[in-house]
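# Secondary and tertiary structure notes
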There are 2 protein chains.
Amino acid sequence: MITRDSGPQPADFADVRATNLAVVLRHVRTHAPCSRADIAATTGLNKATVSSLVTDLIDRRLVREVGMTENRIGRPAMMLVLDGSPYAAVGLEINTDYLTAVALDLAGVRLLSWRRAFTGAPGQPGQAIASLAALARRAVSKMEREGRQVLGLTVAVPGLVDADGVVELAAGLGWHQVDLRKSLTAALGEPTYPLMVENDANLAVLAEQRLSFTADLVYLTGGASLGAGIICDGRPLRGARGFAGEFGHLPLDPAGPLCTCGRRGCLEAYAGLGALIRAALPDVGIETALSPSEFGPHVDEIHRLAKAGDGQVLAALTDVGRHLGHAVSLLTNLINPACVALGGYFTVLSPWLIPPATAELASRSVAANCGGTRLVASALDSSAAAAGGATRVLDAIDAGVLPPPQTAPSPL
Amino acid sequence: MITRDSGPQPADFADVRATNLAVVLRHVRTHAPCSRADIAATTGLNKATVSSLVTDLIDRRLVREVGMTENRIGRPAMMLVLDGSPYAAVGLEINTDYLTAVALDLAGVRLLSWRRAFTGAPGQPGQAIASLAALARRAVSKMEREGRQVLGLTVAVPGLVDADGVVELAAGLGWHQVDLRKSLTAALGEPTYPLMVENDANLAVLAEQRLSFTADLVYLTGGASLGAGIICDGRPLRGARGFAGEFGHLPLDPAGPLCTCGRRGCLEAYAGLGALIRAALPDVGIETALSPSEFGPHVDEIHRLAKAGDGQVLAALTDVGRHLGHAVSLLTNLINPACVALGGYFTVLSPWLIPPATAELASRSVAANCGGTRLVASALDSSAAAAGGATRVLDAIDAGVLPPPQTAPSPL
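Residue numbering note: each chain is counted from 1, following its sequence as written. Both sets of labels track the order of writing: A upward for chains, 1 upward for ligands. Per-residue local features are limited, in this predicted model, to residues with pLDDT of at least 70; the limit for side-chain atom pairs, both in listing and counting, is 80 or more; totals at the level of whole chains, interfaces and linings are taken over all residues. Hydrogens and water are ignored here; the side-chain numbers use all heavy atoms of the structure.

As recorded in an unreviewed UniProt entry, chain A goes by Putative NBD/HSP70 family sugar kinase and comes from Paractinoplanes abujensis. Per its UniProt entry, chain A bears the Sequence similarities (unreviewed entry) comment "Belongs to the ROK (NagC/XylR) family." UniProt positions are given in the numbering used here, feature names are shortened, and annotations may be inferred rather than shown by experiment.

As structure tokens, then:
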């Protein structure tokens with residue numbers, strides 16, 4: 001629907017050209033190798049227009065020619081593929097126990113994927129920002145040494161992030177009102193590429209969507225805290241102030257266990273990683289606070305015991321799955337996604353989580369057959385949010401915000 | 001964001017013209033009376049283009065000239081206003097105890113607003129469809145007698161409606177798998193105008209948005225059943241299968257009262273109209289089932305007693321408000337709307353509902369200050385869903401789907 005405050009803007013020929021450049025670029029991304037005639041036939045654009053658009057994309061080194069093919073009906077044609085060799089999109093993630101960095105080329109191919117242990121003291125954002133800036137500098141330097149221009153950098157944070165890149169609240173990091181975008185921009189010496197800050201789940205879902213092609217998709221971060229990245233009708237749902245997707249604190253039972261947020265019966269108190277570890281491995285830290293750096297080995301141990309059929313671990317996973325299904329039923333009833341992808345620790349444990357979660361979802365969704373919502377394991381690993389940060393940079397290119405020509409524009 | 005399966009489509013000059021026609025039409029809607037020069041100055045379109053577009057809109061009788069003005073700086077100019085006199089958009093609603101019909105002209109002015117008592121037996125859709133068809137025929141005939149062409153008709157139903165206009169489930173009506181669009185199209189003798197069927201809340205929120213100009217808005221239907229119509233970032237959120245907005249069956253407490261859906265502790269079991277009447281007027285039907293036709297007088301009585309300060313009624317309203325705020329906190333945490341409008345019976349009782357609801361929302365939203373979500377009384381009355389049905393027809397016009405020219409196109 002087009003409404004008064006979000007309706008069509010005046011279209012002029014520059015808009016038409018930007019739209020058509022994006023159309024041709026996306027066609028090459030999904031159909032390469034392909035010829036100019038293929039593009040014209042599929043898009044409905046006339047051949048002269050396609051030629052001019054392809055010339056522009058070649059000048060910007062976004063597309064390149066790979067030689068003639070004769071292995072087809074009709075005349076031999078010059079085939080096109082994505083180039084993008086001079087570009088890189090960078091994403092970083094900060095979490096309670098690690099930092100990650102991912103760089104992608106224009107085709108979404110990984111150029112680097114780094115993970116560093118991180119043990120910044122909670123509530124000390126200065127230390128975290130210094131670590132993030134160091135990692136960003138190393139990633140950007142590596143790209144530049146390879147002759148690539150960095151198109152943008154996005155940082156993923158497990159918390160509430162407003163539209164200006166201020167972290168309102170990141171409970172796991174002990175952050176409150178941290179202007180991460182401003183601080184990191186300063187720490188990096190005011191870089192020329194765009195620097196953005198975004199909630200981790202909101203970014204991870206962009207990376208998941210590039211793999212799943214689903215227009216109504218939710219990605220759940222599974223960790224000590226739980227968040228949801230939501231895409232509705234092909235577009236990210238951030239909410240009026242950017243605070244959508246606070247999945248972990250959905251209240252399931254007013255008489256439930258105490259949550260770290262001070263309320264009772266939140267999903268996180270049942271299905272956060274701390275709750276799972278305490279239920280599945282009762283010898284571990286039921287009295288003492290768990291350190292985030294111990295989470296990984298504990299998940300490995302739970303996975304091993306689940307495969308071995310350990311009764312206590314299986315019961316704990318079934319219980320987590322049931323609560324997860326309960327919370328997903330709220331998503332199904334309110335926003336009716338086609339697919340909910342389980343990320344983070346949920347991914348590796350999904351064989352034991354999905355059956356009880358799906359049963360609970362089926363019993364609680366108002367529409368028949370879970371309203372069509374499927375629960376699946378995420379296709380991504382723990383670099384999901386950083387990959388999503390880089391994907392967000394690429395999405396801007398796909399939408400027609402192109403880097404400038406690298407050679408003089410062709411007279412054609 | 002533009003993604004692979006929802007990205008830009010090839011733009012050609014017909015698209016540009018349709019977009020620009022919609023831009024000019026929306027400008028006239030919001031700024032009339034205005035001149036061609038005003039439109040050019042605001043939209044950035046050149047004057048020759050604006051002249052050609054205005055001529056087209058005048059040929060379609062969507063815009064008309066109202067004479068020269070000299071009451072401005074510069075040369076006198078021919079002023080334009082919305083015309084639309086030959087058109088009408090029609091919306092109908094079927095609910096448990098009434099039918100409504102609304103017709104709007106292109107400027108959103110009401111041409112008719114009818115309400116009929118309806119006491120169709122539950123689970124007898126044939127009877128309801130005959131009543132709806134009779135009301136539709138009367139509304140369409142009246143518009144045609146006034147020389148107006150009906151641009152479309154949309155029917156609002158309190159239930160789950162799929163993309164083909166099949167009512168999957170409407171518990172209040174006792175309907176299950178009713179192909180309302182097909183049956184009504186047949187009953188009306190295959191009309192030439194488009195006929196659509198949609199969930200009542202999804203339509204009401206369109207009408208609310210035309211008044212509130214909010215891009216992130218939720219409209220709550222307040223009746224025996226409770227639904228939510230959601231607009232995110234200016235676009236309706238229907239979900240993958242069209243089943244979004246099932247607000248009434250959000251589970252608030254697993255130990256709560258039994259709901260009509262068979263589950264426990266749903267919002268509707270606390271804040272549906274039946275629950276309010278039982279709590280506020282305990283002499284009424286606590287043992288016997290309430291008839292929907294009695295709801296209206298009971299709401300009037302509750303309103304009267306609340307104004308008189310009756311303790312039991314005020315306590316019941318506070319309790320409903322608290323549960324409503326609890327459920328709205330799920331919306332705030334998941335989709336973070338800017339505004340939640342209380343419709344149906346909630347509207348008239350909102351002075352007593354909003355304070356406890358807002359307090360509960362504040363205590364339960366993860367982001368500070370309710371995440372920016374405001375609770376307000378709807379600006380609409382019980383014709384909201386029918387008005388939304390007509391609005392949906394107008395939205396298609398605003399998006400550039402124009403009726404054909406009524407005169408030969410001008411050579412200009």
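From this point, things continue past the structure.
Next up on the list: the overall build of chain A. Check the secondary structure of chain A and you find twelve helices and 16 strands. Two things to know: the radius of gyration comes from C-alpha atoms, and the globule rule equals 2.2 Å times the number of residues to the power 0.38. Its C-alpha radius of gyration of 23 Å places chain A within 12% of the 22 Å reference for a compact globule of 412 residues. With the C-alpha coordinates aligned to their principal axes, the bounding extent of chain A is approximately 75 × 50 × 50 Å. Each residue is placed in one exposure class: buried if its accessible area under a 1.4 Å probe, protein chains only, is under 20% of its type's maximum, exposed if it is over 50%, and partly exposed if it falls in between. Counting all 412 residues of chain A, 57% fall into the buried class. Only heavy atoms matter for contacts: two residues are in contact if any of them lie within 4.5 Å across the pair. In chain A, 62% of the contacts between residues at least 6 apart in sequence involve partners at least 24 apart. In DSSP terms, a helix is any run of H or I states spanning at least four residues, a strand is any run of E spanning at least two, and both are numbered starting from the N terminus.

Here we take up the environment of B:Ala134. Residue and element names in this part refer to chain B. Along the polypeptide, Ala-134 turns up in helix H4 (residues 125-145). For Ala-134, a relative accessible area of 26% gives the class partly exposed. Measuring from C-alpha to C-alpha, the distance between Ala-134 and Leu-349 comes to 33 Å, with 215 residues separating the pair along the chain.

A few words on the sheet that holds strand S10 (residues 175-178) of chain A. Residues and elements named next belong to chain A. What the three strands build is an open sheet, ordered S8-S9-S10; its pairing is antiparallel. Because the sheet does not close on itself, it has two edges, and the strands there are strand S8 (160-161) and S10. Examined bridge by bridge, S8 and strand S9 (residues 167-170) share two bridges and lie antiparallel to one another. Of the residues in S9, the one forming a bridge with Val-161 is Val-167. Should DSSP find at least two bridges between two strands, the strands are regarded as paired.

Here we come to the domain arrangement of chain A. Residues and elements named next belong to chain A. Taken domain by domain, chain A holds domain 1 (13-82), domain 2 (87-200 + 389-398) and domain 3 (206-386). Where each domain starts and ends comes from a domain assignment, either automatic or drawn from a database. Distance between the C-alpha centres of domain 2 and domain 3: 24 Å. Contact with domain 2, which involves 26 residues of that partner, is made by 15 residues of domain 3. Two parts lose some accessible area (1.4 Å probe) when they are put together, and adding that loss for both gives the buried area. Between domain 2 and domain 3 lies a buried interface of about 1800 Å² when both sides are counted; carbon and sulfur atoms form 50% of it. Think of a salt bridge as a Lys or Arg side-chain nitrogen and an Asp or Glu carboxyl oxygen that are within 4 Å of each other. Applying the counting criterion to the domain 2 and domain 3 interface returns three salt bridges. Its salt-bridge partner being Glu-198, residue Arg-238 comes within 2.5 Å of it at the nearest N-O pair. N or O atoms within 3.5 Å of each other form a polar contact, as long as, within protein, one can give a hydrogen and the other can take it, and as long as residues adjacent in sequence are counted only when both atoms are side-chain atoms. In this structure, the connection of domain 2 to domain 3 is made through eight residue pairs in polar contact (both at pLDDT 80 or more). Sorting the residues of the side of domain 2 that touches domain 3 by element identifies strand S4 (87-94), strand S5 (98-104), strand S6 (110-117), S8 and helix H12 (384-398) as the ones contributing at least two each. Per-element tally for the side of domain 2 that touches domain 3: the top contributor is H12, with seven residues.

This part covers the pattern of salt bridges. Residues and elements named next belong to chain A. Inspection of the entire model under this criterion finds 30 salt bridges over all chains. Across the salt bridge formed by Asp-395 and Arg-210, the nearest N and O atoms sit 2.8 Å from each other. Separated by 185 residues along the polypeptide, Asp-395 in helix H12 and Arg-210 in helix H6 (residues 200-212) bring together distant segments of the chain. With a relative accessible area of 7%, Asp-395 lands in the buried category. Residue Arg-210 is classed as buried on the basis of its relative accessible area, which comes to 15%. Several salt bridges converge on common partners, so that one network encompasses Arg-29, Arg-210, Asp-395 and Asp-398.

On to the side chain of B:His323. Residue and element names in this part refer to chain B. For His-323, the position within the fold is in helix H10 (residues 311-334). Exposure remark for His-323: the relative accessible area of 16% places this residue in the buried category. Once residues lying within four places of it in the same chain are set aside, the contact partners of His-323 are Leu-252, Leu-267 and Tyr-270.

Next up on the list: the interface of chain B and chain A. In this complex, chain B contributes 75 residues to the contact, which on the side of chain A involves 75 residues. Of the roughly 6300 Å² buried at the junction of chain B and chain A (both faces included), carbon and sulfur atoms supply 61%. Taken together, the links from chain B to chain A amount to two salt bridges. Two residues, A:Arg235 and B:Asp233, come together in a salt bridge whose shortest N-O distance is 3.7 Å. At the boundary of chain B and chain A, one finds 20 residue pairs in polar contact (both at pLDDT 80 or more).

What follows concerns the UniProt feature "domain: HTH marR-type" (unreviewed entry) in chain A. This chain's UniProt record puts "domain: HTH marR-type" (unreviewed entry) on residues 24-64 of chain A. The straight-line gap between the two end C-alpha atoms of residues 24-64 of chain A is 13 Å; of that span, 71% is helix and 10% is strand.

This next bit is on the packing of aromatic side chains. Working definition: a ring pair exists when centres of Phe, Tyr or Trp rings (six-membered ring for Trp) sit within 6.5 Å. Plane angles under 30 degrees give stacked, over 60 give edge-to-face, the rest tilted. Throughout the structure, instances matching the rule amount to two aromatic pairs over all chains. With 4.7 Å between their ring centres and 45° between their planes, A:Tyr345 and A:Phe346 make a pair best called tilted. In this structure, A:Tyr345 and A:Phe346 share a single accessibility class: buried. Whether a charge lies above a ring is judged from NZ of Lys or CZ of Arg, which has to be within 6 Å of the ring centre and within 35 degrees of the ring normal. Its guanidinium or amino end placed over the ring of B:Tyr98, B:Arg115 lies 4.1 Å from that ring's centre, counting from NZ or CZ.

All copies are superposed by least squares; the fitting set is the C-alpha atoms of residues with a pLDDT of at least 70 in both. For the pair chain B and chain A, the best superposition has an RMSD of 0.1 Å and corresponds to a rotation of 180° with a translation of 0.0 Å parallel to the axis. Given the turn and translation reported, the copies of this chain are related as if by a two-fold rotation axis. Rotation axis and chain B: the residue whose C-alpha lies nearest the axis is B:Asp253, separated from it by 2.7 Å. Here 100% of the contact residues of chain B are again contact residues in chain A; the copies associate through an equivalent surface.

Our focus in this paragraph is the state of the cysteines. What counts as a disulfide here is a pair of cysteine sulfur atoms lying within 2.5 Å. Following the criterion strictly, the structure yields zero disulfides over all chains and no others. B:Cys232 takes part in no disulfide bond, and the closest cysteine sulfur to it belongs to A:Cys232, at a distance of 6.4 Å. Classification of B:Cys232 as buried rests on a relative accessible area of 11%.

What follows covers the side chain of B:Ser365. Within the element layout of this structure, B:Ser365 appears in the loop between helix H11 (345-364) and strand S16 (374-377). Relative accessible area serves as the criterion here: at 3%, B:Ser365 is assigned to the buried category. At 3.2 Å, the side chain of B:Ser365 forms a polar contact with the backbone oxygen of B:Ala367. Residues in contact with B:Ser365, not counting those within four places in the same chain, are A:Arg263, B:Ser329, B:Thr332, B:Asn333, B:Cys370 and B:Gly371.

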